[in-house]
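# Structural features, examined
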Protein chains: 2
Amino acid sequence: MVQQTVRTTQKDVRVIIVEDYKLTRVGLRYALNEIENINVIAEAQNAETGLEIIKKEQPDVVLMDLGLPGINGLEATSKVKEISPNTKVIILTSHDREEEVVASLGSGASAYCLKDIDPNTLSNVIKNVAKGACWIDSNVAHLALKLFPKPENTEILNSGHSMDVKAKLTERESEVLKLLVQGKSNTEIAQELIVSVHTAKAHVCSILQKLCVDDRVQAAVKAIKEGLVSV
Amino acid sequence: MVQQTVRTTQKDVRVIIVEDYKLTRVGLRYALNEIENINVIAEAQNAETGLEIIKKEQPDVVLMDLGLPGINGLEATSKVKEISPNTKVIILTSHDREEEVVASLGSGASAYCLKDIDPNTLSNVIKNVAKGACWIDSNVAHLALKLFPKPENTEILNSGHSMDVKAKLTERESEVLKLLVQGKSNTEIAQELIVSVHTAKAHVCSILQKLCVDDRVQAAVKAIKEGLVSV
DNA sequence: TAGCCAATTAGCCTAGTGTCTAATTTGATA
DNA sequence: TATCAAATTAGACACTAGGCTAATTGGCTA
């Protein structure tokens, strides 16, 4: 099978590899340098030296191992985004633990690949991530996707159907809920909305009833989980 | 440029297109049927008929437009995951609003593409999404990525460096925090851990101090935001 | 026009919260 | 061994929260 890709004016994606195992490093470099439009400009076997090079070179993409000695891949990823904000980070690891996937993306990574990825796919990922895309390996994607809040009441989006179970909050109640999630007390909410504490309490009370929860902590958690407020 | 892909034993990815504009539908079908290993088995111009076909055919992938008449693409995506859980949904739209991106992924979509995607990339996305991967278009990926909690204290993951600002929670405190986020009162926490209320309060108190917050609502919100607890 | 609902306010009462000081036990570390 | 941190418990105190009843106002609808 032959795929013809027409990319005439495309400039090279400049890549740096940070990986402690020499064998993997060399293998990666070899595989990627076969690919047109990808240029591995440097390698590092630990985060410290990797960060130095990245600061100097400001590459398009960094391939980052998670299990590095010293500063680990996660911390390194955060640092990369500090010292070279336009550089995209692709995590390349053999771990498939949920915490690591989520933490990686939270640290600023744009992609998460397991090491058994085929080189062809990896090269496509590199090119697309360089442009800003996000990619998560098929073996762990579900772990990341389940984090997104289910839109049960995003009024803007649904066409008036469904909206079944939960009674909609009034506009005022939504305002109160937002402040509640910010950790404001009833007194603070009252001050912010320029109403009496009694009013604030009344709103909170009906929010609790509508969300079917017992107290404001549960209300806050539910609001975040279901995307009722923008976190 | 020529990419050689070795996929001898790969079976076809069965695709259904749900899109109201005939022109786009036909164009998509034409473009995708050019690609090896992708087989567009049906089209629908609205969600209702699309869902019927999907229920019957149980395809590998659905290409879903967001702006459908009647049931919209988001609701349709949720329904797809109900009637055919193994079918992956790729959102194909021209919208780039944050709410829609997040709501799509929350509704069960595995990928979000803008309509100006090049067919070659789309075909790669289809094949990889069919295997379980997640893909987000370069123009909107940042909107989704910023949702992931920044891991400021994921002990398991960091190598002992940094850990600067916030004091680590003890094991017991983490347990308490977890219950707190579930909306449990101090009394309930005490019962669950088989300790006195005083103990529970003591733990909560030190959690508040370590997280630098004033009350348990803020603690819960912070815990969720920073991924200190699995939601 | 009558009725309903959102929003507002008030008082009251019980239960829960957060802070403080103080003390004991246990396991790990220097 | 001496010391330290974590976990535990207690009492007390000032607030805060949540539930209840009740009343007023303004806007929308049957």
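Residues numbered from 1 in each chain as written. Chains lettered and ligands numbered in written order. Predicted model: local features only at pLDDT ≥ 70, side-chain atom pairs only at ≥ 80, totals over all residues. Heavy atoms only, no water.

As a further point, take helix 2 (residues 47–57) of chain B. Residues and elements named next belong to chain B. Along helix 2, the positions that sit buried rather than exposed are Ala47, Gly50, Leu51, Ile53 and Ile54. Down the axis of helix 2, the smallest arc covering the buried residues is 165 degrees, so these residues share one side. Projecting away from the buried face of helix 2 at angles above 90 degrees are the exposed residues Glu52, Lys55 and Lys56. Buried positions along helix 2 lie against strand 2 (13–18), strand 3 (38–44), strand 4 (61–64) and helix 3 (73–83). The N-capping residue of helix 2, defined by a side-chain oxygen 3.2 Å from the backbone nitrogen of glutamate 48, is asparagine 46. Of the residues flanking the end of helix 2, it is glutamine 58, one or two places downstream, whose phi is positive at about 45 degrees. (Buried < 20%, exposed > 50% of the residue type's maximum accessible area, 1.4 Å probe, protein only. Helix = DSSP H or I, 4+ residues; strand = E, 2+ residues; numbered from the N terminus. Arc of directions from axis to C-beta. Contact = heavy atoms within 4.5 Å. Polar contact = N/O pair within 3.5 Å; in protein donor to acceptor, adjacent residues only side chain to side chain.)

Residues and elements named next belong to chain A. A complete count under the given rule lists 19 salt bridges over all chains for this structure. Its salt-bridge partner being lysine 115, residue glutamate 19 comes within 3.1 Å of it at the nearest N-O pair. Here lysine 115 lies in the loop between strand 6 (111–114) and helix 5 (119–131) and glutamate 19 lies in the loop between strand 2 (13–18) and helix 1 (22–33), a separation of 96 residues in the sequence. Between lysine 184 and glutamate 192 there is a salt bridge, and its shortest N-O distance comes to 3.7 Å. Look at glutamate 192 and you get partly exposed, because its relative accessible area is 45%. Bridged by salt links that share partners, the residues Glu19, Asp65 and Lys115 form one connected network. (Salt bridge = Lys/Arg side-chain N within 4 Å of Asp/Glu carboxyl O.)

Right, let's talk about the protein's contact with DNA strand D for a bit. Among the 18 residues in the neighbourhood of DNA strand D, the closest are listed as Lys201(A), Thr170(B), Ser196(B), Thr199(B) and His203(B). Each atom of DNA strand D within 4 Å of the protein was assigned to sugar, phosphate or base; sugar and phosphate come to 70%. Thr199(B) places a side-chain nitrogen or oxygen 2.3 Å from a phosphate oxygen of DNA strand D. Taking His203(B), its side chain carries an N or O atom lying 2.7 Å from a phosphate oxygen of DNA strand D. (Near = heavy atom within 4 Å.)

The phi angle of most residues is negative, glycine excepted, and most peptide bonds adopt the trans form. For Gln58(A), which is not glycine, the phi torsion reads 45 degrees and is therefore positive. Position of Gln58(A) among the secondary structure elements: in the loop between helix 2 (47–57) and strand 4 (61–64). Since its relative accessible area comes to 36%, Gln58(A) is described here as partly exposed. Even without being glycine, Cys212(B) reaches a positive phi, approximately 55 degrees. Following the sequence through the fold, Cys212(B) ends up in the loop between helix 9 (197–211) and helix 10 (216–225). The class for Cys212(B) is exposed, based on a relative accessible area of 63%.

Read from one edge to the other, the open sheet built from twelve strands follows the order 3(A)-2(A)-4(A)-5(A)-6(A)-7(A)-7(B)-6(B)-5(B)-4(B)-2(B)-3(B), with strand pairing classed as mixed. In this open sheet, the two strands that pair with only one neighbour each are strand 3 (38–44) of chain A together with strand 3 of chain B. Within this sheet the neighbouring strands show an average axis-to-axis angle of 20 degrees, counted without direction. The strands touched by helix 1 of chain A are strand 2, strand 3, strand 4 and strand 5 (88–93) of chain A; relative to strand 3 of chain A, the strand with the most contacts, the crossing angle is about 165 degrees. Its contacts with the sheet put helix 1 (residues 22–33) of chain B on strand 2, strand 3, strand 4 and strand 5 (88–93) of chain B, and the angle it makes with strand 3 of chain B is roughly 165 degrees. (Pairing = 2+ DSSP bridges. Axes fitted to C-alpha atoms, helices over the stretch in contact; angles between N-to-C directions.)

Next up on the list: the nonpolar core. Judged by nonpolar contacts, the single largest core of 66 residues is most densely connected at Met64(A), Tyr112(A), Ile136(A), Met64(B), Tyr112(B) and Ile136(B). The contacts of Met64(A), once residues within four sequence positions are left out, are Val18(A), Gly73(A), Ala76(A), Thr77(A), Val80(A), Val89(A), Ile90(A), Ile91(A) and Leu92(A). One finds Val181(A), Ile224(A), Leu177(B) and Leu179(B) within the second-largest nonpolar core, a separate group that totals 46 residues. (Core = buried A, V, L, I, M, F, W, Y, C linked by side-chain atoms within 4.5 Å.)

With that settled, consider the environment of Ala219(A). All names here are of chain A. Turning to its location among the elements, alanine 219 is positioned in helix 10 (residues 216–225). Considering only alpha carbons, one finds alanine 219 and leucine 177, 42 residues apart in sequence, at a separation of 8.0 Å. Not counting residues within four places of it along the chain, the set of residues in contact with alanine 219 comprises Leu177, Leu208, Leu211 and Val213.

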